[in-house]
Amino acid sequence: MISANNITLRIGKKALFEDVNIKFTEGNCYGLIGANGAGKSTFLKILSGQLEPTNGDIAITPGQRLSFLQQDHFKYDEFTVLDTVIMGNKRLYDIMKEKEAIYMKEDFSDDDGIRASELEAEFADMDGWNAESDAATLLNGLGVPTEDHYTLMADLPGSVKVKVLLAQALFGNPDILLLDEPTNHLDLNAISWLEEFLINFENTVIVVSHDRYFLNKVCTNIADMDYGKIQLYAGNYDFWYESSQLIVRQMKEANKKKEEKIKELQEFIQRFSANASKSKQATSRKRALEKIQLDEIRPSSRKYPYIDFRPEREIGNDVLFVEGISKTIDGVKVLDNISFTVNHDDKIAFVGGNELAKTTMFKILAGELEPDEGSYKWGVTTSQSYFPKDNTAIFDTDELIVDWLTQYSEIKDATYVRGFLGRMLFAGEDGVKKMRVLSGGEKVRVLLSAQACAAGRAILKQCRIEVCGCLVCNISHNTGGSFFCKSVHQEVIPDLFCVRSTDFIVGCKTTDRQNRVTVHRAVAGDTGVFVQRFYNFS
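No experiment lies behind these values; they were computed from the predicted model shown.

Peer 1: Just give me the short version of the overall build of the protein, but keep the residues and values in it.
Peer 2: The number of helices and strands found in the protein is 16 helices and 17 strands. Across the 538 residues of the protein, 47% fall into the buried class. Counting only contacts in the protein whose residues sit at least 6 apart along the sequence, the fraction spanning at least 24 positions is 67%. For the protein, the exposed area adds up to about 27,100 Å²; of that, 49% sits on carbon and sulfur atoms.

Peer 1: Could you give an account of the packing of helix α9 (residues 237-272) against helix α10 (residues 279-291), naming the residues involved and the relevant values?
Peer 2: Relative orientation of the contacting elements α9 and α10 amounts to 150°, with a least axis distance of 9 Å. Put simply, α9 runs roughly antiparallel to α10. Where α9 crosses over α10, the two elements pack in a sense that is left-handed. Seen from α9, the contacting residues are Ile262, Leu265, Gln266, Phe268, Ile269 and Phe272; seen from α10, they are Ser279, Gln281, Ala282, Arg285, Lys286, Ala288 and Leu289. Partitioning the contact of α9 with α10 into residue classes produces eight nonpolar, three polar and two charged.

Peer 1: With reference to specific residues and values, describe the nonpolar core.
Peer 2: Core analysis: the biggest nonpolar cluster contains 52 residues, and Leu139, Val164, Leu166, Phe171, Leu177, Leu179 and Leu198 have the highest contact counts within it. Here this core takes eight residues from helix α6 (residues 158-170), the largest share from any one element. Residues in contact with Leu166, not counting those within four places in the same chain, are Leu69, Leu142, Leu179, Pro182, Leu186 and Leu194. The next biggest cluster of nonpolar side chains, apart from the first, holds 23 residues, and it includes Val20, Leu44, Leu178 and Ile206.

Peer 1: Lay out the sheet that holds strand β1 (residues 2-11) with the relevant residues and their values.
Peer 2: Read across the open sheet, the three strands follow the order β2-β1-β4; overall the sheet is antiparallel. The sheet is open, and its two borders are formed by β2 (14-24) and β4 (55-60), each paired with just one other strand. On average, each strand axis in the sheet is tilted by 15° relative to the strand beside it, whichever way the strands run. Relative to β4, β1 is paired through five bridges, and the arrangement is antiparallel. Looking at β4, one finds that Thr8 is bridged to Asn55. Across the sheet, helix α1 (residues 40-48) is in contact with β1, β2 and β4; its angle to β2 comes to roughly 55°.

Peer 1: An account of the pairing of β2 is requested, with residue identities and associated values reported.
Peer 2: Note: β1 against β2, seven bridges, orientation antiparallel. Residue Ile11 lies in a different strand from β2, and its bridge partner there is Lys14. Following β1, the chain reverses through two residues before pairing antiparallel with β2; Gly12 in that reversal takes a positive phi of roughly 70°.

Peer 1: Tell me about the packing of aromatic side chains, residues and numbers included.
Peer 2: Summed over all chains, the structure comprises 11 aromatic pairs. An angle of 15° between the planes, with centres 6.4 Å apart, marks the rings of Tyr103 and Phe108 as stacked. In this structure Tyr103 comes out as partly exposed when scored by relative accessible area, which is 43%. A relative accessible area of 40% means that Phe108 is categorised as partly exposed. A cation sits over an aromatic face here: Lys99 above Trp129, 4.6 Å from the ring centre. Between Arg285 and the ring centre of Phe268, over which it is positioned, the NZ or CZ distance is 3.9 Å.

Peer 1: Go over the packing of α6 against helix α7 (residues 188-200) with me, naming the residues and quoting the values.
Peer 2: Close contact between α6 and α7 brings their axes to 13 Å; oriented N to C, the two are set at 5°. Viewed along their axes, α6 and α7 adopt a mutual orientation that is roughly parallel. For the pair α6 and α7, the contacting residues are Lys163, Leu166 and Leu170 in the first and Ala190, Trp193, Leu194 and Phe197 in the second. Each residue belonging to the contact of α6 with α7 can be placed in one class, and the counts come to six nonpolar, no polar and one charged.

Peer 1: Describe the pattern of salt bridges, with residues and values.
Peer 2: The tally for this structure, following the rule as stated, stands at 18 salt bridges. Where Arg91 meets Glu122, a salt bridge forms, and the shortest distance between an N and an O atom there is 2.9 Å. Here Arg91, found in helix α3 (residues 90-103), pairs with Glu122, found in helix α4 (residues 110-125); they are 31 residues apart in sequence, far enough to count as distant. Its relative accessible area of 35% is what places Arg91 among the partly exposed residues. Residues participating in the shared-partner salt-bridge network are Asp83, Lys97 and Glu100.

Peer 1: Report on the pairing of strand β9 (residues 229-234), specifying residues and quantitative values.
Peer 2: Two strands pair when backbone bridges link them, and strand β8 (residues 221-226) and β9 are joined in this way by six bridges, in the antiparallel orientation. Note on β9: the bridge partner recorded for Asp224 is Gln231. Linkage of β8 to β9, two consecutive antiparallel strands, is achieved through a turn of two residues, within which Tyr227 is found at a positive phi near 55°.

The rules behind these values
- Residues numbered from 1 in each chain as written.
- Predicted model: local features only at pLDDT ≥ 70, side-chain atom pairs only at ≥ 80, totals over all residues.
- Heavy atoms only, no water.
- Helix = DSSP H or I, 4+ residues; strand = E, 2+ residues; numbered from the N terminus.
- Buried < 20%, exposed > 50% of the residue type's maximum accessible area, 1.4 Å probe, protein only.
- Contact = heavy atoms within 4.5 Å.
- Areas by Shrake-Rupley, 256 points an atom, 1.4 Å probe, with all protein chains shown as cover.
- Axes fitted to C-alpha atoms, helices over the stretch in contact; angles between N-to-C directions.
- Parallel < 35°, antiparallel > 145°, perpendicular 65-115°, else oblique.
- Left-handed = near helix turned anticlockwise from the far one by under 90°.
- Nonpolar A, V, L, I, M, F, W, Y, C, P; charged D, E, K, R; others polar.
- Core = buried A, V, L, I, M, F, W, Y, C linked by side-chain atoms within 4.5 Å.
- Pairing = 2+ DSSP bridges.
- Phe/Tyr/Trp six-rings, centres within 6.5 Å; stacked < 30°, edge-to-face > 60°.
- Lys NZ or Arg CZ within 6 Å of the ring centre and 35° of its normal.
- Salt bridge = Lys/Arg side-chain N within 4 Å of Asp/Glu carboxyl O.

See the structure below:
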């Protein structure tokens, strides 16, 4: 068990937390949620001991081991993948290295022998002989191939490093597990594996995630962070949402009844306070009136962006024709003779484990790369906009948000552009922030503002809970164009494509190991039937 006792954290004059008291018990998975800037990641750092609070303390059951997901992707560059994972249990790793150092000595003394035997006993108690196989099992489950297990971390791409650091956090069956955005940069197979792992995990888990589908799958409790406090709710994310809304409705109904009672008492007092025969009753009602207290209903500090892709003209039936596209990168053919046609109202998902293939396909369609073979043609009535996976170059500037966004607007007026920013929660001075200083969530909202401003068709990725919900709502009800999506959680597909049944997801499996595209179709059973397509890059 881990508990926070009277935790307060002040940053300057602002209190991020104020007298927070909460316990996280064994056998539960807690989803820590809250608006951007509420302090979720900061609270995890306090729990893990990486950050000292202004007041209060953290208590952990004696003898229990805490593990957390490292965020520094370069910290272990000089170590192999397998060693990095085993470092998740620091004591076990230290024993392994001390044993190796002793056995490497040429002048092996009696004292060395005694020390080695002590280490061997502790090593066996910690099940150290299975450490490498356990680490390999975690890595394989997350999709890190066996041939990479002895590779230096420095030689791995960022997406694989994320999986290794996640395996490190999970290694050794920790008593308390802290995960900050564990699904970021994971493919669908890795997310599914992680979900099953956490569902079967018997110890304490505290996870911060903006993926509500993931939270629904793994969480037994939700810890809602709002106004510097944390409120616990039983159940997953959807249950929290419904119960929190129910509580507000009940409080409003209770206040309404109290207001009616107050009005009734006030009328009686005004009518009979001067009446001698009724004076005692009037006095009694005055005391009753003084006891009635209305419940304070504070609206959530969460704010939801307004996302609306509204093109200037209706697109025609011919949206996109792709014919025989192939592409080789660094000697590896990632796209092989791909052909497909996109029609009016199609909503399309590119899924599969080959991230390079999907990104390459997107860059070709966006005009950033040329195919080695084949061609593509956009319909004359279409406009396109691209949401890139890597936006580092876009935000590597001191330009103000409003100035940068103006280039995508036909109306070159700062007030008009600020209107788009206001809808995306950049109110007041936020609209004149520098691009370079924006947080991850703010960058997403800026890029979506540009796409809405240009009235193009969006190529999307996973977003924050508040943004993703509005985004899905807009796309699922939009009948004017085509959307290409990658790295989308499987549970968002029914919402995005207006399909109620998830049975069709079974069809999205790897059927061709030559990196070819496999097309699967599913027809929605609702009014306004769409034929949806899934292109599997594996």
